[in-house]
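Secondary and tertiary structure notes
If you want the building blocks of each chain, they are given just below.
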Amino acid sequence: MTRPLVLELLACPKAVPEVRHAVREHLGAPCPEAQLCVSELLTNVITHVGEGTPVTVRLFRTPDGRTRLEVTDPDPHAWLIARHSGEHDETGRGLLLLDAVARRWGVWLTPAGKTVWCELHTDASSNFAGTPARASRPH
């Protein structure tokens with residue numbers, strides 16, 4: 001059984017490929033859906049909350065066998081809105097991609113921040129199992 005992945009880091013552009021790589025390594029195989037979702041969620045924090053924001057990324061198997069990804073940041077006021085971008089817009093498609101790839105997704109708001117989560121289809125990462133546990137990664 002593989003332990004869950006929990007990364008505590010500062011949201012910055014160089015962290016995006018590092019976290020994407022950590023997800024792939026943790027799953028033991030390429031998982032484009034999980035890698036795309038973590039990239040989009042982390043990029044949303046950088047863009048809408050701010051570079052250098054502390055975040056926690058969690059990746060684990062739910063009791064019913066789905067792969068769940070969560071990104072938590074300290075801003076409870078930054079709302080996520082899926083919008084339709086124009087053909088020449090360079091941004092604004094992240095949540096549409098998440099919606100297309102994930103089985104379902106949502107946001108938990110608390111006074112201390114928010115967690116944006118998504119669940120991937122059961123076959124998204126066949127080598128992975130586990131439930132949440134704490135680990136940290138240097139910043």
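Below: a short report on this structure. As the structure is a prediction and not an experimental result, all values here were calculated from the model. (Residues numbered from 1 in each chain as written. Predicted model: local features only at pLDDT ≥ 70, side-chain atom pairs only at ≥ 80, totals over all residues. Heavy atoms only, no water.)

In terms of nonpolar packing, the biggest core is built from 30 residues, with Leu9, Val19, Val23, Leu42, Val57 and Leu69 touching the most fellow members. Secondary structure elements with two or more residues in this core: strand E1 (5–11), helix H1 (15–27), helix H2 (32–48), strand E2 (53–61), strand E3 (67–73), helix H3 (94–101) and strand E5 (113–120). Residue contributions to this core peak at seven residues, all from H2. Once residues lying within four places of it in the same chain are set aside, the contact partners of Val23 are Leu5, Ala34, Gln35, Val38 and Leu59. (Core = buried A, V, L, I, M, F, W, Y, C linked by side-chain atoms within 4.5 Å. Buried < 20%, exposed > 50% of the residue type's maximum accessible area, 1.4 Å probe, protein only. Helix = DSSP H or I, 4+ residues; strand = E, 2+ residues; numbered from the N terminus. Contact = heavy atoms within 4.5 Å.)

Over its 17 residues, H2 runs 24 Å from end to end, which matches the ideal 24 Å to within 8%, given 1.5 Å per residue. All buried positions along H2 are accounted for by Ala34, Gln35, Cys37, Val38, Ser39, Glu40, Leu41, Leu42, Asn44, Val45 and Ile46. Among the residues trailing H2, Gly50 stands out with phi positive, at a value near 135 degrees. (Expected span 1.5 Å × (residues − 1).)

Within the element layout of this structure, Pro111 appears in the loop between strand E4 (104–110) and E5. Here Pro111 falls in the exposed class, since its relative accessible area comes to 85%. The spacing of Pro111 and Asp75 is 36 residues in sequence and 8.6 Å in space, taken between C-alpha atoms.

Okay, H1 next. Here H1 is 13 residues long and its end C-alpha atoms lie 18 Å apart, about the 18 Å a rise of 1.5 Å per residue gives. Buried within H1 are the following residues: Ala15, Val16, Val19, Ala22, Val23, His26 and Leu27. Taken down its axis, H1 places every buried residue within 125 degrees of arc, on the same side. Buried residues along H1 sit in contact with E1, H2 and E2. Once H1 ends, the next one or two residues include Gly28, with phi positive near 80 degrees. (Arc of directions from axis to C-beta.)

Take the sheet that holds E3 next. What the five strands build is an open sheet, ordered E1-E2-E3-E5-E4; its pairing is antiparallel. Each end of this open sheet is capped by a strand with a single partner; those strands are E1 and E4. Across the sheet, the mean angle from the axis of one strand to that of its neighbour is 15 degrees, orientation sign disregarded. Sheet analysis places E4 next to E5, joined by seven bridges and oriented antiparallel. (Pairing = 2+ DSSP bridges. Axes fitted to C-alpha atoms, helices over the stretch in contact; angles between N-to-C directions.)

Attention shifts here to the packing of H1 against H2. The interhelical angle for the contact between H1 and H2, taken along N-to-C directions, is 150 degrees, at an axis separation of 9 Å. The angle between the axes of H1 and H2 places the two elements in the roughly antiparallel class. Our pair here, H1 against H2, has a crossing hand that is right-handed. Counting all contacts with H1, which are made through Ala15, Val16, Val19, Arg20, Val23, Arg24 and Leu27, the residues of H2 involved are Ala34, Gln35, Val38, Ser39, Leu42, Thr43 and Ile46. When its residues are assigned to classes, the contact of H1 with H2 shows nine nonpolar, three polar and two charged. (Parallel < 35°, antiparallel > 145°, perpendicular 65-115°, else oblique. Left-handed = near helix turned anticlockwise from the far one by under 90°. Nonpolar A, V, L, I, M, F, W, Y, C, P; charged D, E, K, R; others polar.)

On to the packing of aromatic side chains, then. Applying the stated rule across the entire model yields zero aromatic pairs. We note Arg68 situated over the ring of Trp117; from NZ or CZ to the ring centre the distance is 4.2 Å. (Phe/Tyr/Trp six-rings, centres within 6.5 Å; stacked < 30°, edge-to-face > 60°. Lys NZ or Arg CZ within 6 Å of the ring centre and 35° of its normal.)

Of all the nine residues making up E2, eight are buried; the element is thus mostly covered by neighbouring parts of the structure. The pairing of E1 with E2 spans seven bridges and is antiparallel. By the bridge assignment for E2, Glu8 is matched with Thr56. Note that E2 and E3 share six bridges and pair antiparallel. Counterpart to Arg61 in the pairing with E3 is Thr67.

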